[in-house]
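Geometric and topological summary
Now for the letters of each chain:
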Amino acid sequence: MFQWSKKVVKSVTFNPEIADESLLAQVENSLETQPDKTFSDLCKEALWKFLCVPETVQPVAKTTNITTVEQKIGEMQNQIAGFEERFLARESHRLEAIESQMLQLTQQVANLAIILNQQPPTYIPPDSVSVAQAIPEYEPQEVDPVINRIGQFLDDF
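Residues numbered from 1 in each chain as written. Predicted model: local features only at pLDDT ≥ 70, side-chain atom pairs only at ≥ 80, totals over all residues. Heavy atoms only, no water.

The number of helices and strands found in the chain is 5 helices and 0 strands. Going from N to C terminus, the chain has its helices and strands arranged as α-α-α-α-α. Within the chain, the fraction of its 157 residues that count as buried is 4%. With an accessible surface of roughly 15500 Å², the chain has 61% of that area assigned to carbon and sulfur atoms. (Helix = DSSP H or I, 4+ residues; strand = E, 2+ residues; numbered from the N terminus. Buried < 20%, exposed > 50% of the residue type's maximum accessible area, 1.4 Å probe, protein only. Areas by Shrake-Rupley, 256 points an atom, 1.4 Å probe, with all protein chains shown as cover.)

What follows is the structure, given as structure tokens:
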């Protein structure tokens, strides 16, 4: 394979024929519409396409990469700004709801304190009748005579 030095310069000659002049005009128009590209870049792109080299092997244009990265950064900044707006709106709504609940609770505690201060303290003794009714009475159950005899042996043992 042919080894080139680091930088190789090749020249392109445009003859004063109609075909060459129209091609040169197209090149000049293309360079005007794409100021970030050079004549060398256009020649390389044309050669890549003409020689049917797969895109995966072709080098990526640096200016295109920079533009694409800048666009992606801009899009991401817009997305982050939108997220921040939505997040802050949601959080401020939550904060307002919590503050409202705190105010309601403070008012309720104040009302309870006023009610407790107005009433004299009273002691209500537990009702002995209700306590007695709450505990079920123990009902003796019939004892099986066999268990009773075995129980005696266990006591002796």
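Back to the write-up after that little detour.
This part takes up the packing of aromatic side chains. Note on aromatic pairs: each is described by the distance of the centres and the angle between the planes. What the rule picks out here adds up to 2 aromatic pairs. On the basis of an interplanar angle of 65 degrees and a centroid distance of 6.3 Å, the ring pair of F14 and F39 is categorised as edge-to-face. Of this pair, F14 sits in the segment before α1 (18–33) while F39 sits in helix α2 (residues 39–50), placing them 25 residues apart in sequence. By relative accessible area, F14 is classed as partly exposed at 26%. With centroids separated by 6.0 Å and ring planes inclined at 25 degrees, the aromatic side chains of F83 and F87 adopt a geometry described as stacked. Remark: F87 and F83 occur in helix α3 (residues 62–118); sequence separation between them is 4 residues, near one turn of the helix. Judged by its relative accessible area of 46%, F83 is partly exposed. (Phe/Tyr/Trp six-rings, centres within 6.5 Å; stacked < 30°, edge-to-face > 60°.)

Among the structural elements, D20 can be located in helix α1. Here D20 occupies a buried position and makes no salt bridge, while the nearest side chain of opposite charge, K10, is found at 18 Å. Leave out the neighbours within four places in its chain, and D20 touches T13, F14 and N15. (Lys, Arg positive; Asp, Glu negative; His and termini not counted. Salt bridge = Lys/Arg side-chain N within 4 Å of Asp/Glu carboxyl O. Contact = heavy atoms within 4.5 Å.)

So, on to the pattern of salt bridges. Under the counting rule described, the total for this entry stands at 2 salt bridges. One salt bridge in this structure joins K37 and E45, with 2.4 Å as the shortest N-O distance. The partner of R94 in a salt bridge is E91, with the nearest N and O atoms 3.1 Å apart. Remark: E91 and R94 occur in helix α3; sequence separation between them is 3 residues, near one turn of the helix. E91 gets classed as partly exposed once you look at its relative accessible area, which sits at 30%.

Moving on to α2. Along its 12 residues, α2 runs 16 Å from first to last C-alpha, staying within 8% of the 16 Å computed at 1.5 Å per residue. Immediately downstream of α2, the backbone of C52 shows phi near 55 degrees, a positive value. (Expected span 1.5 Å × (residues − 1).)

To continue, consider α1. If you check α1, its first and last C-alpha atoms are 22 Å apart, about what 16 residues at 1.5 Å a residue would give, namely 22 Å. Within α1, burial applies to D20, V27 and S30. Along α1, the residues classed as buried sweep out an arc of 85 degrees about the axis, all on the same side. In α1, those exposed residues whose orientation departs by more than 90 degrees from the buried face are I18, E32 and T33. In this structure, the buried residues of α1 make contact with α2. (Arc of directions from axis to C-beta.)

In this fold, T33 is placed in helix α1. A polar contact is formed between the side chain of T33 and the backbone oxygen of S30, at a distance of 3.0 Å. (Polar contact = N/O pair within 3.5 Å; in protein donor to acceptor, adjacent residues only side chain to side chain.)

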